[in-house]
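As a plain string of letters, each chain reads:
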Amino acid sequence: MQAQIAINTFVKETGGYVAAQLEACTRCGMCAEACHFYLATGNPEYAPVWKIELLKRAYEQRFTLAGRAKLALGIDKPISDEDVAHFSKIVYEACTMCNKCSMVCPMGIQLGPLIHEVRTGFSEAGVVPADLMAVVNKQVEEGSPLGVTDDVYADRMEWVADEWEVELPIDVKGADTLVVFSSIEVMKFPENIAAIARILNAAGEKWTLSTTGREVVNFGFYEGSPERTRMFLQRVFDAVKELGVKKVVVTECGHAYDALRWTSYNIMEVPAGIEITHIVGLIGEYIRAGKIKLKAGAYNNGTLTFHDACKIQRRGGHVKEPREILNILAPQSFKEMTPNKEESICCGGGGGVIAIKEADPIRYAAFELKIDQMRNVGAKTVVMSCSNCRLQFTDCVQHFNLDVKVAGLCQMVAEALEE
Ligand code: SF4
Ligand code: SF4
């Protein structure tokens, strides 16, 4: 039954684009070497190409002569409920949707988006890991995966404004820019909210928060459900219309940036003429335009490195700005990990993986690659621009008892602002 629903969804999704991608695969296996879960464990089931195996089998068995013949002759088996349950663990627990595999495929196959199609089939079939689904449901019911209800949001914002003595404009109609935080920042890294507010205020931005469009994290996107992805995006776009802003700034959340900046345009109507950008891109613009000035060399004490987030740097292209910022703040102590920029290794906690308890062993195993990278440059501080990565680093630094400080880029910028 579950298998049939998943197959039907796969088949529905298998238009010309997906079929061409599946047909192009030569089974060379090069994508395996790009995947941190495969590299960390050596498990062949974690090879990216294996993660789309059911999509491929469904396509072949339904649409190709060879696939139908193999099925009729018993060479291939129909996809079963057991297959679906087994692969559900693989594509949710051992894939962060980082899309590094797509970059190395010699045939140009977009493995990340194809794995997302597999998740969509599993979402329709109701075989999403229970931990992840519980968080999705919380976002549906409460408007936030971390319980940031209307009251909690109002209390937190009031507290942040008092604690850091910063102005936080809320629901200002006619503002130019809507800033949307993730609940990870609201609940775990509130100092980020104060930091970003200080930067925006220093630059003279006419900005606002929204009490209704307040959550940028999108657990429907992690789940692979177009319906729930749309539902969560709609809340932000409704706030855009209500407040009449021209620009939306996503703060330190990578997957949210992907969902809002690109996926939205493919699955729903986005308010016309709206600009969607990431806070790191905006800070880069402020610095280049002279709207803010930073204290040069403010962090020249102890080696510092930068972790590139898959969705902000690899996908989003904001590769230059963090380097421009760190070369001002720490010209002598900033050192690059290898590989870096678009080729960076994922932290291992994205794509909803960090929300799944059963994935903890492979999540930690994948992080050991980052530990090696940090050790190789002797990093005392690791900086990043995604709060989901920051959650993973913070948890792993504690788990492995590492002597490394985890820092948010915006916070460093705010602390180094020239008055
Ligand atoms: S690298 Fe590309 S062609 Fe090679 S196995 Fe992976 S998906 Fe197929
Ligand atoms: S998207 Fe990233 S985590 Fe998923 S299979 Fe590809 S390389 Fe691995």
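Structure's up top.
Keep in mind that this is a model prediction, so the values were computed, not measured. (Residues numbered from 1 in each chain as written. Chains lettered and ligands numbered in written order. Predicted model: local features only at pLDDT ≥ 70, side-chain atom pairs only at ≥ 80, totals over all residues. Heavy atoms only, no water.)

Engineer: I keep staring at helix H21 (residues 387–399) and nothing clicks. Help me out?
Structural biologist: An α-helical turn contains 3.6 residues, so a residue and the one three or four places further along point in the same direction. The terminal C-alpha atoms of H21, which comprises 13 residues, lie 18 Å apart, in line with the 18 Å expected from a rise of 1.5 Å per residue. Inspection of H21 places Ser 387, Asn 388, Cys 389, Arg 390, Gln 392, Phe 393, Cys 396 and Val 397 among the buried residues, and these make up the whole buried set. One or two residues past the end of H21 sits Asn 401, with phi positive at roughly 55°. (Helix = DSSP H or I, 4+ residues; strand = E, 2+ residues; numbered from the N terminus. Expected span 1.5 Å × (residues − 1). Buried < 20%, exposed > 50% of the residue type's maximum accessible area, 1.4 Å probe, protein only.)

Engineer: Would you mind going over the site of ligand 1 with me for this structure?
Structural biologist: Taken together, 13 residues lie near ligand 1, and Cys 25, Cys 28, Gly 29, Cys 31 and Cys 105 sit nearest. Looking at the shell around ligand 1 residue by residue, the class counts come to 10 nonpolar, 2 polar and 1 charged. (Near = heavy atom within 4 Å. Nonpolar A, V, L, I, M, F, W, Y, C, P; charged D, E, K, R; others polar.)

Engineer: When you look at the site of ligand 2 in this model, what are you seeing that I'm missing?
Structural biologist: Close contacts around ligand 2 come from Cys 35, His 36, Phe 37, Pro 48, Lys 51, Cys 95, Thr 96, Met 97, Cys 98, Asn 99, Cys 101 and Ile 115, and that covers them all. For the shell around ligand 2, the secondary structure elements donating two or more residues are helix H3 (36–41) and helix H4 (48–51). Tallied by class, residues from the shell around ligand 2 come to 8 nonpolar, 3 polar and 1 charged.

Engineer: What should I look at first to understand the packing of aromatic side chains in this one?
Structural biologist: Counted by the stated rule, this structure contains 8 aromatic pairs. Taking the centre distance of 5.5 Å and the plane angle of 40° together, the rings of Trp 50 and Phe 87 count as tilted. Taken together, the residues Trp 50 in helix H4 and Phe 87 in helix H7 (residues 81–93) connect sequence positions 37 residues apart. Using a relative accessible area of 28% as the deciding quantity, one classes Trp 50 as partly exposed. Note on Phe 87: relative accessible area 4%, which makes it buried. Judged by centre distance (6.0 Å) and plane angle (45°), the rings of Tyr 59 and Phe 63 are tilted. Of the two residues, Tyr 59 and Phe 63 are both situated in helix H5 (residues 53–63); the distance of 4 residues between them amounts to about one turn of the helix. The structure contains a cluster of three or more aromatic residues connected by ring pairs, namely Tyr 364, Phe 367, Phe 393 and Phe 400. One Lys or Arg, Arg 315, reaches over the ring of Trp 262 and ends 4.9 Å from the middle of that ring. Here Arg 390 stacks its cationic end above the ring of Phe 189, 4.1 Å away from the centre of that ring. (Phe/Tyr/Trp six-rings, centres within 6.5 Å; stacked < 30°, edge-to-face > 60°. Lys NZ or Arg CZ within 6 Å of the ring centre and 35° of its normal.)

Engineer: Before we go on, may I ask you to explain the pattern of salt bridges in this structure?
Structural biologist: Opposite charge on two side chains makes pairing possible when the charged atoms of those side chains draw close. Tallying each qualifying case throughout the model produces 20 salt bridges. A salt bridge links Arg 214 to Asp 150; the nearest nitrogen and oxygen atoms lie 2.7 Å apart. One end of the pair, Arg 214, is in the loop between strand S2 (207–208) and helix H14 (219–223); the other, Asp 150, is in helix H11 (residues 150–163), and 64 residues separate them in sequence. As a salt-bridge pair, Asp 258 and Arg 315 come within 3.3 Å of each other at their nearest N and O atoms. Of the two residues, Asp 258 is situated in helix H16 (residues 254–267) and Arg 315 in the loop between helix H18 (310–314) and helix H19 (320–329); the sequence distance between them amounts to 57 residues. Overall, the relative accessible area of 2% leaves Asp 258 in the buried class. (Salt bridge = Lys/Arg side-chain N within 4 Å of Asp/Glu carboxyl O.)

Engineer: Please clarify how a negative patch on the surface should be interpreted in this entry.
Structural biologist: On the surface, Asp 151, Asp 155, Glu 158, Asp 162, Glu 163 and Glu 165 cluster together to form a negatively charged patch. Residue classification places Glu 165 among the exposed positions, given a relative accessible area of 71%. (Patch = residues over 30% accessible without salt bridge, like charges linked within 9 Å, V, L, I, M, F, W, Y side chains within 5 Å. Areas by Shrake-Rupley, 256 points an atom, 1.4 Å probe, with all protein chains shown as cover. Lys, Arg positive; Asp, Glu negative; His and termini not counted. Charge placed at Lys NZ, Arg CZ, Asp CG, Glu CD.)

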